[in-house]
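Here is what each chain is made of, one letter per residue.
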Amino acid sequence: MAPRPRALLAMSPEFLHQLFPEPLMRRLSAVLDFDPELIVRDFTEPAAKAALAEAEVVVSSWGTPVLDDETLAGAPHLKAVLHAAGTVKWIIGPAGWERGLLVSSSSGANALPVAEYTLASILMAGKGIFQLREDFRKDRTFTLGYIHPEVGNFGRTVGVVGASKIGRRLMELLRPFDFTVLLADPYIEEAEAAALGARLVPLDELVAGADVVSVHAPDLPETEHLINAERLALMRNGTVVVNTARGRLVDTDALTAEVLSGRLSAVIDVTHPEPLPAHSPLYDLPNVFLTPHVAGSHGNELSRMGLFMVEDAERYAAGEPLVHQVDPTTLGRQA
């Protein structure tokens, strides 16, 4: 049997057993040779430098130190980074990509709960549940059999801004429902959009035609305030804005003005700034459902992120292609 590749754990220690509970840790240690007591936060420490000098694989997550060019110079045997978290943009220096490191990420695992949260938000917003709950809390009664004429999900139009991993998963989840789905993404062709179950349209057409606008674009300099005052003004009265991407994609001041007027509603899991100032009206408005950045992986969902990297570790040790490998040629337009 071939020896297991030498590996090194690099992350904040409090995440280790959430990402890799005992069954996953056993699988990981069966294919990689690492010291489970050495969890690196600083590659300049003597024990970390010594381990990195021998490592073929780094298993990383939140809190990992950066593998910059100087650090990589001290890691001559390093061939793969298995990142049990989302983006790898900030942890791999240019020398890593030039070396041809195999880099895998659990961003696909993190996309799943975000898409699920978004689907739930769309369905509940379509039923008018947030405003109806406020009304019920205030009145403490209702008329049995009364039909609320302005709610319902049959035949509504959902606009998905960005065919990211989350956006794609959301479109999969939307398939069983009676929605028309619009998609705006500059990197997608019409045929691919159709295969995803959506009709490709320009962003301005999407925001003007959708009952729900759900934001899933990456946080890049060119996407800051992608949903700005002008695009919010294009939305029809009663449109619901859902943001589970990043706060900078939506102009907070412009959105605040629209929801204060009552013209639009919003489901917001991310904001800019984050958190919002304590005096922000978004905390208290009945047509705003605000949550504290919880759509992504939490609790037992972290172990799914660990599972993705354990499976890629098993593939790596077997000489097989990594399923969750990051493509550096598209990294610039990803979150």
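About the thresholds
- Residues numbered from 1 in each chain as written.
- Predicted model: local features only at pLDDT ≥ 70, side-chain atom pairs only at ≥ 80, totals over all residues.
- Heavy atoms only, no water.
- Salt bridge = Lys/Arg side-chain N within 4 Å of Asp/Glu carboxyl O.
- Helix = DSSP H or I, 4+ residues; strand = E, 2+ residues; numbered from the N terminus.
- Polar contact = N/O pair within 3.5 Å; in protein donor to acceptor, adjacent residues only side chain to side chain.
- Contact = heavy atoms within 4.5 Å.
- Buried < 20%, exposed > 50% of the residue type's maximum accessible area, 1.4 Å probe, protein only.
- UniProt positions renumbered as here; feature names shortened; annotations may be inferred.
- Pairing = 2+ DSSP bridges.
- Axes fitted to C-alpha atoms, helices over the stretch in contact; angles between N-to-C directions.
- Patch = residues over 30% accessible without salt bridge, like charges linked within 9 Å, V, L, I, M, F, W, Y side chains within 5 Å.
- Areas by Shrake-Rupley, 256 points an atom, 1.4 Å probe, with all protein chains shown as cover.
- Parallel < 35°, antiparallel > 145°, perpendicular 65-115°, else oblique.
- Left-handed = near helix turned anticlockwise from the far one by under 90°.
- Nonpolar A, V, L, I, M, F, W, Y, C, P; charged D, E, K, R; others polar.
- Core = buried A, V, L, I, M, F, W, Y, C linked by side-chain atoms within 4.5 Å.

Q: For this particular structure, what's the right way to read the pattern of salt bridges?
A: Any two side chains of opposite charge can pair, given that their charged atoms come close. Summed over all chains, the structure comprises 15 salt bridges. In this structure, the salt-bridge partner of Arg-27 is Glu-314, at a minimum N-O distance of 2.9 Å. One end of the pair, Arg-27, is in helix 2 (residues 22–31); the other, Glu-314, is in helix 13 (residues 302–317), with 287 residues separating them in the sequence. Arg-137 is the salt-bridge partner of Glu-134, the closest N and O atoms lying 3.2 Å from each other. Highlighted residues: Glu-134 and Arg-137, both in helix 7 (residues 129–139), separated by three residues, approximately one helical turn.

Q: Even after reading the chapter, I still don't get the side chain of Ser-104, so can you show me in this structure?
A: As for its placement among the helices and strands, Ser-104 is situated in strand 5 (residues 102–105). A distance of 3.2 Å separates a polar side-chain atom of Ser-104 from the backbone oxygen of His-324. Residue contacts for Ser-104: discarding those within four places in its chain leaves Val-81, Leu-82, His-83, Met-309, Asp-312, Leu-322, His-324, Gln-325 and Val-326.

Q: I keep staring at the side chain of Ser-105 and nothing clicks. Help me out?
A: Along the chain, the position of Ser-105 falls in strand 5. Judged by relative accessible area, which is 3%, Ser-105 ranks as buried. For Ser-105, the side chain forms a polar contact with the main-chain nitrogen of Ser-107, separated by 3.0 Å. Excluding residues within four positions of it along the chain, Ser-105 makes contact with His-83, Ala-85, Gly-86, Val-88, Met-309, His-324 and Val-326.

Q: Would you take a moment to explain the UniProt feature "domain: D-isomer specific 2-hydroxyacid dehydrogenase NAD-binding" (unreviewed entry) in the chain for this structure?
A: Within this numbering scheme, the UniProt entry marks residues 120–295 as carrying the feature "domain: D-isomer specific 2-hydroxyacid dehydrogenase NAD-binding" (unreviewed entry). Measuring from the first to the last C-alpha atom of residues 120–295 gives 11 Å, for a span that is 32% helix and 15% strand.

Q: Is there a simple way to explain the sheet that holds strand 1 (residues 7–10) in this structure?
A: Across a sheet, strands are paired by hydrogen bonds formed along the backbone, either parallel or antiparallel in direction. The strand order 2-1-3-4-5 describes an open sheet built from five strands, whose pairing is parallel. Either end of the sheet is taken by a strand with one partner, and the two such strands are strand 2 (39–40) and strand 5. Relative to strand 4 (residues 80–83), strand 3 (residues 57–60) runs parallel, the two sharing four bridges. Looking at strand 4, one finds that Val-57 is bridged to Ala-80. On top of the sheet, helix 13 reaches strand 3, strand 4 and strand 5; it is set at about 160 degrees to strand 4, its chief contact.

Q: Is there a simple way to think about the environment of Ala-208 in this case?
A: Tracing the chain through its elements places Ala-208 in helix 10 (residues 203–209). Residue classification places Ala-208 among the partly exposed residues on the basis of a relative accessible area of 32%. Residues in contact with Ala-208, not counting those within four places in the same chain, are Leu-234 and Arg-236.

Q: Sorry, what's going on with a nonpolar patch on the surface here?
A: The grouping of Phe-136, Phe-142 and Leu-144 at the surface amounts to a nonpolar patch, some 400 Å² of accessible area in total. Looking at the element boundaries, Phe-142 is found in the loop between helix 7 and strand 6 (157–161). Phe-142 sits in the exposed class, given a relative accessible area of 58%.

Q: Would you mind showing me how to read the packing of helix 6 (residues 107–126) against helix 8 (residues 165–174) here?
A: Each packed pair of helices is defined by two parameters, the angle between the axes and the distance between the axes. The contact between helix 6 and helix 8 brings their axes to 8 Å, and the two run at 50 degrees. For the element pair helix 6 / helix 8, the angle class is oblique. In this structure, the crossing between helix 6 and helix 8 has a hand that is right-handed. Contacts between helix 6 and helix 8 pair Ser-107, Gly-108, Ala-111, Leu-112, Val-114, Ala-115, Glu-116, Thr-118, Leu-119 and Ile-122 from the former with Lys-165, Ile-166, Arg-169, Leu-170, Leu-173 and Leu-174 from the latter. Here the contact of helix 6 with helix 8 is composed, by residue class, of 10 nonpolar, three polar and three charged.

Q: What am I meant to see in the nonpolar core here?
A: Membership of the largest hydrophobic core comes to 29 residues, with the highest contact counts inside it found for Leu-206, Leu-232, Met-235, Leu-255 and Val-259. Of all the elements in the fold, those that place two or more residues in this core are strand 7 (180–184), helix 10, strand 9 (212–215), helix 12 (252–261) and strand 11 (265–268). In contact with Leu-232, other than residues within four places in its own chain, are Ile-227, Val-241, Ala-254, Leu-255, Glu-258, Arg-263 and Leu-264. With 28 residues, the next largest nonpolar core counts Leu-119, Ile-122, Leu-173 and Val-181 among its residues.

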